[in-house]
Each structure stands twice: as C-alpha cells, then as structure tokens.
Amino acid sequence: MPHFPAPLESRLPNVGTTIFTVMSRLAQECGAINLSQGYPDFNAEDVLFERVAHWMRAGHNQYAPMAGVAPLREAIAGKVAALYGTEYHAEAEVTVTAGATQALFTAVAALVHPGDEVIVFEPVYDSYAPAIELQGGRVVRMQLAAPDYRPDWGAVAEAITPRTRMIMINSPHNPTAMVWTAGDMARLAALTHGTGIVIVSDEVYEHIVFDGRRHESCARHPELAARSLIVSSFGKTYHITGWKVGYVVGPRELMAEFRKVHQFNVFTVNTPVQLALADYMADAARHERLAAFYEAKRDFFREALAGSRFELLPSSGTYFQLARFGAISDEPDTAFVQRLTRDTGVAAIPVSAFFADGRDERVIRFCFAKSEATLAAACERLRQV
C-alpha cells in the first residue's frame, strides 16, 4: 500500500465522511431499513428511461454545449416563468449542472473572495460551509431553533456587515422540512436592498410543499430575482437522484461569473439525459402533482407512527420528517440513531450533524420518500421502541 511521503496540510481539516454516507453504510451492514439518506426507493416512469435510450440511439452521445442543450434550457425558462412570473433568457441566464451540490459549490467559487462573509442558516446542509471555506470565505451561522425553525430576522440584520458578500438560503428546508413564507422573503428583500449581497437560493424541493402552501421562490420576487442564483434539482423532482442533473437560473451578470467556473469544474452535463429531460418536462403535470404525491406519503408515515413514543415535528415541505426522541432516551442523537439502526433496524439522521458545534436538541430526521411497504415496515419497528 503506497503512502504519501511528506506532511499534508488539509484545506478542510475539520471535514470527515458525511453523516449520510456513515448512516447508509451502517444501515447496509445491519440490514436496516434506510430512512436516513434522502433518496427514493422507487423508480421514475419508464417513459423517461425510454427517452434517454432514444437520444442515445439517435447518436447524441458527445459533448453538449457548456451551458446545457438548448431544448432543456428553454424548457426550464418556460417552467420558471409559468410558476413564478420571471422570464429568464434561456441562452444567457439558465445553466444545466451536474446536480444541485455542484451548482451550489460553483456559485460560491465564482462569487466569494477571501475574507468575504457568507450567511447560512443552520441546521445547514453539509456542503455549504466547505464550499465557502475553500474560497477563503468566513461562514456566519444563523441558528434556527426547534420546533418551528423560523429565521430570526433581527439577528440576521445584525449579522450583515460591509464584508457580507452572500446569503445562502434553502426553502423548503433540509433537514427541518420548514417552508419560508412570503413575509420571510419580504424581510430578506428589505435587508439586502441597496447592497451588493448575492443570494444563493437552494430550491431543490421547490415542488414538494404541503397543506396548500405556496413555494416562495426568489424568482417570484423581483427584488430578490435580480440578486439571486436559484438552484433546483431534476433528481428530487423526478425521482432520479443518481443521475445528478440540476440547473441554475439567475441574472446574466451573475450567470456570466457562474459559467466561468462551471466550464472548468464540470464543463458540461450528460447529453442524452438532458434531451430526455427536455422531452419529459413538456408535461407540466409531472411536477405539478409532486406535492400531492409526497403529502400522501408524509400523512401515511405520520399516521403509522401515531402509536409510537416519537414526537413528530411539523413537516411543511421536502420529503423529510423530524422527530424528537426525548421520551425514549436521553442519549445524544448520534448515539441514538446508531442504536436505532443496530437494535431496531431503522436508520435515521441525527440533526446535530447539521450544526457546526454539534448542537443536540434530541431531534432526528427520517426520509419518507419510500414505498408504502417500506414505510409500513419501518413504522412497525419504530412503534416498538
């Protein structure tokens, strides 16, 4: 086994293997039902696979244009305009990416300079802070507290300084399943008015909102649309997380900077898959019915856990459900989910993993993007805890 022959100074000394990898590996080792990592255990429609095969056989297997194939960018621009009322120029203001995580990293790499401050809201998805730190930026964390996880806009106002370059937001929010309101977006617009602050808006769960709520995209608000790079995910919308295809929309001034980095860290994205997605998007019902699809799964999961000792927190969007376990154990959440995986056979994610300081509110996250058979089997085990 070879060994590197000199000292190595890590650029991310505090980063290890993600909690998602750790818990999925443990679930596999224990033969547990995996409600930890956020991906479905069911397939997309066959017609999508057939369209990929069609474009492969038609010879579209070489590089796509750097920003994405024109039919897909036009379909994205059309969808955004129909939903949120803002028209993005498909040629200059829409870019197809290798998943949403790459899009988020590229946005930070393109716009954050050494010494810049970037505000994030934690519990925060684990890719944000490393992207900022790799650019020499400073992460400024605004904490969202259980059980409602609402932003404290007074605290955000105090955190903004002349060094604030970017605010990264995520709604519907992973891991809390909280959805920002129109009032939240108005406060964000007011706080950034007249500044050069860029918003990076992670909207990968844009089509998964429940109980009649409306997704408040930055694209819906002209003040925010003018300063935002908005990220979304075909993986989340069409049950194809392993394909790793997403997109970004934003004003051409920001997109020009984004593409300078994108062309060198990815260059371009799978050609036949892009063409197939463009075809698939022609039927808007495929994303319009997603909220009802997942709301039914949320309700099934919550009802199946009604007899358990878990305290279920509100789930307003995404395909996640948070639960307190204080009535069951006073263990740290990481120890609890490991024992739950080994002894009960159900894997979950400890929410402390989304806090830089490991803040532990005895809350764990379940993913209900699973078949009803999987959810029923998991809940039967969880009711015994």
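Heads up: these notes are all about the structure in this document. None of these values were measured; they are calculated from a predicted model.

How each quantity is defined
- Residues numbered from 1 in each chain as written.
- Predicted model: local features only at pLDDT ≥ 70, side-chain atom pairs only at ≥ 80, totals over all residues.
- Heavy atoms only, no water.
- Phe/Tyr/Trp six-rings, centres within 6.5 Å; stacked < 30°, edge-to-face > 60°.
- Helix = DSSP H or I, 4+ residues; strand = E, 2+ residues; numbered from the N terminus.
- Buried < 20%, exposed > 50% of the residue type's maximum accessible area, 1.4 Å probe, protein only.
- Lys NZ or Arg CZ within 6 Å of the ring centre and 35° of its normal.
- Axes fitted to C-alpha atoms, helices over the stretch in contact; angles between N-to-C directions.
- Parallel < 35°, antiparallel > 145°, perpendicular 65-115°, else oblique.
- Left-handed = near helix turned anticlockwise from the far one by under 90°.
- Contact = heavy atoms within 4.5 Å.
- Nonpolar A, V, L, I, M, F, W, Y, C, P; charged D, E, K, R; others polar.
- Salt bridge = Lys/Arg side-chain N within 4 Å of Asp/Glu carboxyl O.

**Concerning the packing of aromatic side chains**
Then, in step 1: Across all of its chains, the model carries 23 aromatic pairs by this definition.
Then, in step 2: Seen in terms of ring centroids, Tyr 238 and Tyr 280 are 4.9 Å apart; in terms of plane orientation they differ by 90 degrees. Their pairing is edge-to-face. Of this pair, Tyr 238 sits in helix α9 (residues 234-238) while Tyr 280 sits in helix α11 (residues 271-280); the two residues are 42 residues apart in sequence, bridging distant segments of the chain.
Then, in step 3: Relative accessible area serves as the criterion here: at 4%, Tyr 238 is assigned to the buried category.
Then, in step 4: Ring centres of Phe 325 and Phe 336 lie 4.1 Å apart, and the angle between their planes is 0 degrees; this geometry places the pair in the stacked category. Of this pair, Phe 325 sits in the loop between β10 (320-324) and α14 (333-344) while Phe 336 sits in helix α14, placing them 11 residues apart in sequence. As far as the burial class goes, Phe 325 and Phe 336 line up, both buried.
Then, in step 5: Members of the aromatic cluster, each reached through a chain of ring pairs, are Phe 210, Phe 301, Phe 310, Phe 325, Phe 336, Phe 366 and Phe 368.
Then, in step 6: Over the ring of Phe 320 we find Arg 365; its NZ or CZ atom is 3.8 Å from the centre of that ring.

**Digging into the packing of helix α4 (residues 100-111) against helix α10 (residues 252-265)**
A packed helix pair is summarised by two numbers, namely the angle formed by the two axes and the spacing between the axes.
Then, in step 1: The interhelical angle for the contact between α4 and α10, taken along N-to-C directions, is 115 degrees, at an axis separation of 8 Å. Relative to α10, the element α4 is oriented roughly perpendicular. The handedness of the crossing between α4 and α10 is right-handed. Within the contact between the two elements, α4 uses Gln 102, Ala 103, Phe 105, Thr 106, Ala 107, Ala 109, Ala 110 and Leu 111 and α10 uses Leu 254, Glu 257, Phe 258, Val 261, His 262 and Asn 265.
Then, in step 2: Split into classes, the residues belonging to the contact of α4 with α10 amount to 9 nonpolar, 4 polar and 1 charged.

**Quick word on the pattern of salt bridges**
Any two side chains of opposite charge can pair, so long as their charged atoms come close to each other.
Then, in step 1: Applying the stated criterion to the full structure yields 21 salt bridges.
Then, in step 2: Of the charged contacts in the structure, one is a salt bridge between Glu 45 and Arg 286, with a shortest N-O distance of 3.2 Å. Of this pair, Glu 45 sits in the loop between β1 (33-34) and α2 (46-57) while Arg 286 is found in helix α12 (residues 285-288), placing the two residues 241 residues apart along the sequence.
Then, in step 3: Using a relative accessible area of 35% as the deciding quantity, one classes Glu 45 as partly exposed.
Then, in step 4: On the basis of relative accessibility, which here comes to 18%, the residue Arg 286 falls in the buried class.

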